[in-house]
Amino acid sequence: MDISQQSEEPVEASGLSRFLLVLIWVALASLIVFIASPTVEQDTQVVMAMVVVGLLFILTRFDKSPVGRILFLSLAGFIVARYLIWRSLNTLEFHDYASFSFAIVLFLAELYGVAIFLLGAFANVSPFRRQPSPLPEDQEKWPTVDVFVPSYNESSEVLETTLLAAREMSYAEGKFKVYLLDDGGTEEKCEQRDPGARAGAIARKEELQALCKELGVNYLTRKRNESAKAGNINAGMEKTDSELVLILDADHVPAQDFLLNTVGRFLLDPMLFMVQTPHFAINPDPVERNLQTYDSMPSEQEMFYAGVQYGLDHWNASSFCGSAALLRRSCLEEIGGISGQTVTEDAETALELHARGYSSEYIGRPMIAGLAPSSVQSFIIQRSRWALGMLQIFMLSNPLFKRGLSFSQRLCYMNSCMFWFFPLARIVYALAPCAFLIFGLKIYSANSESFLLFALPYLIAVLMTANFLYGRLRWPFISDVYEMLQAVHLLPAVLQAVTRPKSGKFNVTPKRESMDEDFISSLGWPVQILFLVNLAVVGVGVSRLFQGTEDLYPTAITLFWALLNTLVLAGCLGAISERRIRREETIVKVSYRGRIKGERASTNFGIVEMGNKSCWVDGSLEGEGSLRAGEFATLLVQNDSGEEDLLRVRYNGRREIEGSKPLMEFDYAPDDVEEKAARVRLMYGDSQRWVDFQARRQKRHNLLFGTAIFSFFAIRGFFSHMRILFGGGERGQKHREEVGSLMPETTNAVLVPIKPKQAPH
Amino acid sequence: MITRYLHPALLSAIIAPGLVGAADQISILPTPDGVARELARKNVEAAPLTITHGFDELMANSLERHPASRGSRVVSLPTLTRMETEFVDIDLVFRPNGGAQPVLVFLNNREIATLDPASEQFQSGRVVIRAEAEFLNDTHNFLEIATSDDAFVEHVVDLRRSRLHLTGAWSTRALRLGMLDRHFGAKEAKGEAHLHLCLPGSEIGGLRQEELEWGSIATQGAALRMGNLTPLPTHGVSPDQNVDNLLIGVARDIAPLIPEDDVRGITGPYVGVTPVPGAPHRLMVVLSGRTPAEVSQSVLSFGLIKCGYPGHLSNIVIDQVHLPMTPAFIRKPPLFAGSQTTLANLGFKTEPYRENEIPEFRFNLPLDVFAIGESGSAVDLKLEYWCPVTPANPLNFDVMVNGTNVASVTLAGHSASYSVNVIEVSSDQSHQRAELPLQIPIEAFEAGMNELSIVPRVAQDRPMARASGRFALFDSSSISLPGSEPAVELPDLALTRKTAFPFVPHADGSNLEVALLDPGHEAVNAGWMMTAKLAQVSNTLLYNASIHRGIPIGDRQTLLIGSLETLSPDLLLGAPMSATELSYQIGPEGGALFQFGTGGDWKAGYSTVTVLTTMRSANLMAVGADLVREENWRGLGGDLALWAPNRPLDAFEMTASQPLFVDPEIQPVQSSTVLGSNGYKIQPLHWAALLLALAIPFSLVTRALIAGGGKRPRPSGAFY
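In this text the structure is predicted, and so the values were computed from the model without any measurement.

Examining the overall build of chain A
Then, number 1: Of regular secondary structure, chain A possesses 24 helices and 20 strands.
Then, number 2: Counting over 761 residues, chain A shows a buried share of 60%.
Then, number 3: Summarising the internal contacts of chain A: among those between residues at least 6 apart in sequence, 80% fall at separations of at least 24.
Then, number 4: Here chain A has roughly 30,200 Å² of accessible surface; of this, 59% comes from carbon and sulfur atoms.

Okay, structure coming up:
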């Protein structure tokens, strides 16, 4: 059937009136930039800055109003323009070559910051929260879907969960198939020379084939491992024929409603090539784990998936993130599948399809549960690939010049690509105070009055704008920690992309770090050096202030800057202080009710936590000793639809979690696949669990409070670093109790880390 | 070959003997005629203009900036800021049998011609060299005539008959407010101290109080633009065509002297520039308004020279003048006691030493560094330098403070020592940046402006040129000042000379009262001149200084100006000399300046009187002008100074009474900041309204564009 027959007519604005609007817009924008000119006299400038900052403060409350939002961004843009004009015309002076060189470098870094600010403001000016579209009642009209789970070296346990969840998705009978695309079992792998590796590949292949057979899903592999994941998917597409393709990473466990919430969009728009959904991580990334912010603060990725993607969707420029996305097969086939010259073929594929006039959509409901990289090392490897890929797109297929894109799409893609130049700017910002206070370079020629008049309002406006746009999702200075942490390590990727964009593959070298004790990440040295440098700068600045200097204000301002850097770097020190992962399992907080049936007794209970191997139950059987450790029992769990799911379990005994009463621990002992499926449904089936969990963390703080919270995390992180550095970390003990204390008191999804995410191959 | 041209741009130079006849006075062609208003309406003279000067006249008035040997004569070219010079003809007349050596002509240190004595023109007795405008600077220009063998220039060139012809046109540029600073700044180089204040509204009997105050501030405004040259003001109800004028008064009073259009433009405090009626080469600054209060605002804006008039306009109406929160120092503010500063902050830039370019820096030391109780304190100088020397070929440099050698340093590769306070600095400093800490006793410096220079020498007997490229001083070198004890001893005219103390601990002049005891014009002119001098010394506008006629009335530090006969005995209680003694000492043409403390409780406050007096009231101004001449002003000290036209200034310490100890700390001014008023001023609230008036429609249009830009279906979606 033609799945696009139900689409609506696009809304087109009248050409002439739109042209007139653009003219008026340009005129008004020019006038605003003109009155931002610093030739207005000083006392007016003072009032100007205060009035605009005051207006921004008032408008913060109108972030839900489209006009209020634009007005906020316009006024913030005015402050930025005013600063930029002043900065360009008044603060660049030649004193000597060294000073001037660094001054220009700093200026370029600031220009970059302004460009990102403006692009970000544009991309996010009108975020669009799209709701799922219902599917027609007649299931015959539902399009067919192939679910691809590409795998390279993930364990069968991980794959089993994902494949089971994929199989358990709700959709029309016979209208979707699940495929494991195994790149670890290719002929190339199974015929490799190294006998050990060859035997391992063959064994794994056989194990996965058996698993697929048991689960009732399809196993596919290919001859050679060409083009990595993209090649794997393309090979899968050659052997399948559905209308839509859902791609799931091996550890991306889908909720049951995934297809029901996404497929309907394809029926509305014949040009739609993709519906992307968020990547929700059920474990903390290393920064969250090491700074202990996972339970209370939105994840780093949330800013993108619960903020930026809505903005991009408005401009028809949603990013394709490689997984948790539903794609139209015909579109992919039109461009030869997922392909490109970069290491982020997904983004490049979307760029190509956007350029061909196809559209994309984004549904912000988290409907897969995945794993974030758990060590700093794997995190850096992941980000280096993203940086390299996006900058390769910038260099090889620059969105500004790519034929076919709309103006707004160009800007949105530029925003996504240029973001990855941040390592350069970050390093400049980190070293600038040192350049002035230690090396005496004159890198910013401004007197204190001008600085207060132009730079201070600018800084306030930028912080307020970030808080306005993303405050719910990104607390103050958290971006700084993430970016500073990555800055030095991403430099090779940035430089490679700029100097040799076409050069070979990105070197993926996942090195498993032992996570059973506290330690300082081996990638922490740049942060440590930058911290020491800025600490020295703070020392020099303070001593100058006490000794008296005629550069009082520049010294004070630079000192403040260095202090901020130091605080951010203290946070980074905390982030590189790897905390021992205490539970080797993914654990989900749940609140199911049901009955335990033992051989001799039964009782009502509540499941408090579920893992992939065990679950923890709050309850007791009638009569002491009626269930002994090692005994088998049956859990009859009332699921969300009111039906009972049956889980065969073996009792391990009671475990105490600090601060709560002892829980009964059961290991799963499933008799058949259906029981396994029930367990996966109970753990992962309900996407509302992820929605609620995210909503609980998404709180907007005002700048001061947010800064105070950040300072607390940063200082605690610093002491944690010192403790590991000088006192030695805690060694591999099994303190499950302490992990419990990290959990929020309320129930529902709270999860703790399991294994490091497998790096992409 | 008669003339060797050294620069391609000089290809246009011509030799034109006998272009202009001899004329000893400045003559201006064409002679302007017509009524003043007609001239004033036409700001630009279309016809070319030639101004001729005699060399001997130039030599007499020249401020020789370059050391001249007998074989070299340097004159400053009297370029008019109002004139757009096109070219200069240097018309040299040679003496018969003057010599056989070539004559070299330099303009601003660039050799523009070499005249061969064997040539025909040379022997004809006259050569005219034309230099195009590109060889001229806007403000200072120097012409040097040199003989190659150090023979007296006068023996070769007849300077009495040689001439200089400046040809150009009256400039329209000079009639812009942006030229004011340059125009007045150029006066120092030209030695043009005379200034006329035209106050057409004043009454026949004398100036009103407000006019006295206007004159004081306006003269200070001129003075602060004139560097170290103190203006010598005159005043009257009509303009003076021989000098630049400041025209001050309400619109109806000044109306006959400026174009009608300009009069109509006076809709508030008004500042404009226009030619002096009947003398288009002279500038007239118009400070006006509809009411006396508006005139005061206008005058104040002229005094606050950093208020930033829009440069491209020839007149503006000011909205409001704001006074500074901190002292509005015109040049570099003084350093702070106890502070450290780098040479970079003093404007010095790191560069290799070149011959004849001695690293020197000027800085203003605060008075309190020299306060009593700090004897033995020193200025710490940390020199950072680069000097690749070897023991066999050492390099010395002298550290000079205000012309006095305070330290001699020898660099010999592995060590440095300096001879005044011998300190060994041992490190391998050759071929790299080295540091040399020096301590210079505070006594080597003086309050106010100081000059520090570093003079390299290769060795005692070798020429300085050998040091070129072998020594570089880094601008990161630093100067640290000692801390201070807040007390100085008065009376002390040397302090007044250097820092304008005791009049200006308050940098807005609110501590200064100028009392004019004589009723005549000369006392007024002298009062304005002295206030202007104090403003120059203190480097800021004394807009709160009080000036009035009659005996002192306030509790401020008083400057009395009057002839001896006006100094009653009660005014001189505590003075170092009685009026009778003074009359003997001063003589009929001379003058005296003396300072003393008046009675009272010192702890509760202090009060000093400084008196400028002459025998006759008619020469108060002339004698005062002698006082502010650099050579006399330099000699001020003690509590009494006496001078006369034929006698240099002598300073005396007369007071045996208990000295007065006061706190010399410079106080911040009371009210708010400079920045007056320029063309871009806009009321802050109007501005906010304007921004909103733009931003709101901008947001609506943006919203419309965004909404209209949606090209895809959006069922069941929502704005987030």
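A word on the overall build of chain B
Then, number 1: Scanning chain B from terminus to terminus reveals 15 helices and 38 strands.
Then, number 2: Sorting the 720 residues of chain B into buried and exposed places 55% on the buried side.
Then, number 3: Taking the contacts inside chain B whose residues are at least 6 apart along the sequence as the reference set, 76% of them involve residues at least 24 apart.
Then, number 4: When the accessible surface of chain B is split by element, carbon and sulfur atoms take 53% of a total near 29,100 Å².

Here's the deal with the pairing of strand 14 (residues 270-276) of chain B
Residues and elements named next belong to chain B.
Then, number 1: With seven of seven residues buried, strand 14 is to be regarded as a mostly interior element.
Then, number 2: Both strand 14 and strand 15 (residues 279-289) contribute to a ladder of seven bridges, which runs antiparallel. Within strand 15, the position partnered with V273 by the bridge is V285.
Then, number 3: Counting the residues between successive antiparallel strands, the hairpin from strand 14 to strand 15 contains two residues, one of them, G278, with a positive phi of roughly 85°.
Then, number 4: As paired elements, strand 14 and strand 16 (residues 315-317) share three bridges and run antiparallel to each other.

Overview of the nonpolar core
Then, number 1: Within the largest apolar cluster, 149 residues are counted, with the highest numbers of intra-cluster contacts made by A:L75, A:F78 and A:I443.
Then, number 2: Counting residues per element, this core draws most heavily on helix 3 (residues 66-90) of chain A, at 12 residues.
Then, number 3: Leave out the neighbours within four places in its chain, and A:F78 touches A:I32, A:I35, A:A36, A:M48, A:V52, B:W687 and B:L691.

Some points on the pairing of strand 2 (residues 145-151) of chain A
On any regular strand, side chains alternate: one points to one face of the sheet, the next to the other face.
All names here are of chain A.
Then, number 1: Counting buried positions over the seven residues of strand 2 gives seven, a clear majority of the element.
Then, number 2: Residue alternation in strand 2 divides its side chains into two sets, V145, V147, V149 and S151 and D146, F148 and P150, and both sets are buried.
Then, number 3: Pairing of strand 2 with strand 3 (residues 176-182) involves seven bridges; the strand directions are parallel. For S151, the partnering residue across the bridge sits in strand 3 and is D182.
Then, number 4: Handedness of the β-α-β unit built from strand 2, helix 5 (residues 156-167) and strand 3 comes out right-handed.
Then, number 5: Both strand 2 and strand 5 (residues 244-247) contribute to a ladder of four bridges, which runs parallel. Within strand 5, the position partnered with V147 by the bridge is L246.

Here's the deal with the pattern of salt bridges
All names here are of chain A.
Then, number 1: Under the defined criterion, the tally for this structure stands at 44 salt bridges over all chains.
Then, number 2: Of the charged contacts, one joins R697 and E288 as a salt bridge, the two residues approaching to 3.9 Å between their closest N and O atoms. With R697 in helix 22 (residues 687-697) and E288 in helix 10 (residues 286-291), the pair connects residues that are 409 residues apart, well separated along the chain. When sorted by exposure, R697 lands in the same class as E288, which is buried.
Then, number 3: One salt bridge in this structure joins E609 and K589, with 4.0 Å as the shortest N-O distance.

Points about the confidence of the model for chain B
Low pLDDT marks stretches whose predicted atomic positions should not be read closely.
Residue and element names in this part refer to chain B.
Then, number 1: Per-residue confidence for chain B gives a mean pLDDT of 73, with 68% of residues at or over 70.
Then, number 2: Across residues 1-47, where pLDDT falls below 50, the model places 102 contacts with residues more than four positions away in sequence or in other chains.
Then, number 3: With pLDDT under 50 throughout, residues 710-720 is counted as low confidence; its partners more than four residues away or in other chains account for 50 contacts.
Then, number 4: Two numbers describe this predicted complex: its pTM, 0.57, and its ipTM, 0.78.

Quick look at the packing of aromatic side chains
Then, number 1: Applying the stated criterion to the full structure yields 27 aromatic pairs over all chains.
Then, number 2: On the basis of an interplanar angle of 10° and a centroid distance of 3.8 Å, the ring pair of A:F72 and A:F468 is categorised as stacked. One end of the pair, A:F72, is in helix 3; the other, A:F468, is in helix 17 (residues 448-470), and 396 residues separate them in sequence. An identical accessibility class is assigned to A:F72 and A:F468; each is buried.
Then, number 3: Consider the rings of A:Y83 and A:Y458, whose centres lie 3.9 Å apart with planes at 10°: the pair is stacked. Here A:Y458 lies in helix 17 and A:Y83 lies in helix 3, a separation of 375 residues in the sequence. Comparing A:Y83 with A:Y458 shows no difference in burial state: the two are buried.
Then, number 4: Over the aromatic face of B:F87 sits the side chain of B:R130, whose NZ or CZ is 3.6 Å from the ring centroid.
Then, number 5: One Lys or Arg, B:R225, reaches over the ring of B:F302 and ends 4.3 Å from the middle of that ring.

Thoughts on the side chain of A:N415
Then, number 1: Topologically, A:N415 is positioned in helix 15 (residues 407-418).
Then, number 2: With residues near it in sequence (within four places) discarded, A:N415 still touches A:I116, A:L119, A:G120 and A:A123.

Description of helix 23 (residues 703-727) of chain A
All names here are of chain A.
Then, number 1: Relative to the 36 Å expected for 25 residues at 1.5 Å per residue, helix 23 spans 35 Å between its end C-alpha atoms, a close match to the ideal helical length.
Then, number 2: Within the sequence span of helix 23, burial applies to G706, I709, F710, S711, F713, A714, G717, S720, H721 and I724.
Then, number 3: Where helix 23 is buried, its residues meet helix 10, helix 18 (478-499), strand 12 (519-520), helix 19 (525-547), helix 20 (552-575) and strand 13 (577-578).

What about unusual backbone geometry?
Then, number 1: For A:F477, which is not glycine, the phi torsion reads 75° and is therefore positive.
Then, number 2: A positive phi angle is found at B:N539, which is not glycine, with a value near 70°.
Then, number 3: For B:N539, the location among the structural elements is in the loop between helix 11 (521-538) and strand 31 (546-549).

A few points about the sheet that holds strand 34 (residues 608-614) of chain B
Residues and elements named next belong to chain B.
Then, number 1: In spatial order, the strands read 31-30-32-34-33-35-36; together these seven strands make up an open sheet with mixed pairing. The strands lining the two open edges of the sheet, one partner per strand, are strand 31 and strand 36 (647-652). The mean angle between the axes of side-by-side strands here comes to 15°, regardless of whether they run parallel or antiparallel.
Then, number 2: Contacts from helix 12 (residues 579-586) reach strand 33 (591-597), strand 34, strand 35 (640-644) and strand 36, with the element oriented near 145° to strand 33.

Describing a nonpolar patch on the surface
Then, number 1: Side chains of A:L16, A:F19, A:L20 and A:L23 sit close together on the surface and give an oily, nonpolar patch of about 420 Å² of accessible area.
Then, number 2: Position of A:F19 among the secondary structure elements: in helix 1 (residues 15-35).

Observations regarding the packing of helix 11 of chain B against helix 13 (residues 620-628) of chain B
Residues and elements named next belong to chain B.
Then, number 1: One way to put it is that helix 11 packs onto helix 13 with a least axis distance of 8 Å and a crossing angle of 20°. When the interaxial angle is binned, helix 11 and helix 13 end up roughly parallel. Judged by the twist between their axes, the crossing of helix 11 over helix 13 is left-handed. Touching E522, A523, N525, A526, M529, M530 and K533 of helix 11 are L620, M621, A622, G624, A625, L627 and V628, all from helix 13.
Then, number 2: Looking at the contact of helix 11 with helix 13 residue by residue, the class counts come to 10 nonpolar, two polar and two charged.

As for the side chain of A:E168
Residues and elements named next belong to chain A.
Then, number 1: Among the structural elements, E168 can be located in the loop between helix 5 and strand 3.
Then, number 2: One polar contact links E168 to R167, side chain to side chain, over a distance of 3.0 Å.
Then, number 3: Residue contacts for E168: discarding those within four places in its chain leaves Q256, A677 and R681.

The rules behind the values
Each residue is numbered by its place in its chain's sequence as written, counting from 1. The lettering of chains begins at A and the numbering of ligands begins at 1, in the order of writing. At least 70 in pLDDT is required for a residue's local features to be given in this predicted model, at least 80 for side-chain atom pairs to be given and counted, and no such filter applies to totals for whole chains, interfaces and linings, which use all residues. Side-chain metrics rest on all non-hydrogen atoms present in the structure, leaving aside hydrogens and water. Helix and strand assignments follow DSSP, with helices taken as H or I runs no shorter than four residues and strands as E runs no shorter than two, numbered in order from the N terminus. Three labels apply to residues, based on accessible area from a 1.4 Å probe with only protein chains included: buried if under 20% of the type maximum, exposed if over 50%, partly exposed otherwise in between. Should any heavy atoms of two residues lie within 4.5 Å, those residues are counted as being in contact. The protein chains shown are the only cover counted for residues, whose accessible areas, like all others here, come from Shrake-Rupley with a 1.4 Å probe. Whether two strands pair comes down to DSSP finding at least two bridges between them. Nonpolar cores are built from buried Ala, Val, Leu, Ile, Met, Phe, Trp, Tyr and Cys residues. Side-chain atoms within 4.5 Å join them into one set. A clockwise path from the first strand over the helix to the second, with the strands pointing away from the viewer, defines a right-handed crossover. Criterion for a salt bridge: a side-chain nitrogen of Lys or Arg within 4 Å of a carboxyl oxygen of Asp or Glu. Each residue carries a pLDDT score, the predictor's confidence in it, ranging from 0 to 100. Pairing of aromatic side chains here covers Phe, Tyr and the six-membered ring of Trp, requires ring centres within 6.5 Å, and sorts the geometry by plane angle: under 30 degrees stacked, over 60 edge-to-face, intermediate tilted. Two thresholds decide whether a charge sits over a ring: the Lys NZ or Arg CZ must be within 6 Å of the ring centre and within 35 degrees of the ring normal. One less than the residue count of a helix, multiplied by 1.5 Å, gives the span that helix is expected to have. Between the N-to-C directions of two axes lies an angle of 0 to 180 degrees, each axis being a line fitted to C-alpha atoms and, for a helix, fitted only over the stretch in contact. Residues forming no salt bridge and having over 30% relative accessible area are the ones grouped into patches, like charges within 9 Å of each other and nonpolar side chains (Val, Leu, Ile, Met, Phe, Trp, Tyr) within 5 Å. In these notes the angle categories are as follows: under 35 degrees is roughly parallel, over 145 is roughly antiparallel, 65 to 115 is roughly perpendicular, and the rest is oblique. The handedness criterion is simple: a crossing whose near helix is rotated anticlockwise from the far helix by less than a right angle is left-handed, and one whose near helix is rotated clockwise is right-handed. Residues are grouped as follows: Ala, Val, Leu, Ile, Met, Phe, Trp, Tyr, Cys and Pro are nonpolar; Asp, Glu, Lys and Arg are charged; every other residue, Gly included, is polar. Whenever a nitrogen or oxygen atom comes within 3.5 Å of another N or O atom, the pair is scored as a polar contact, on the condition that within protein one atom can donate a hydrogen and the other can accept it, and that pairs from neighbouring residues in sequence are kept only if both atoms are in side chains.

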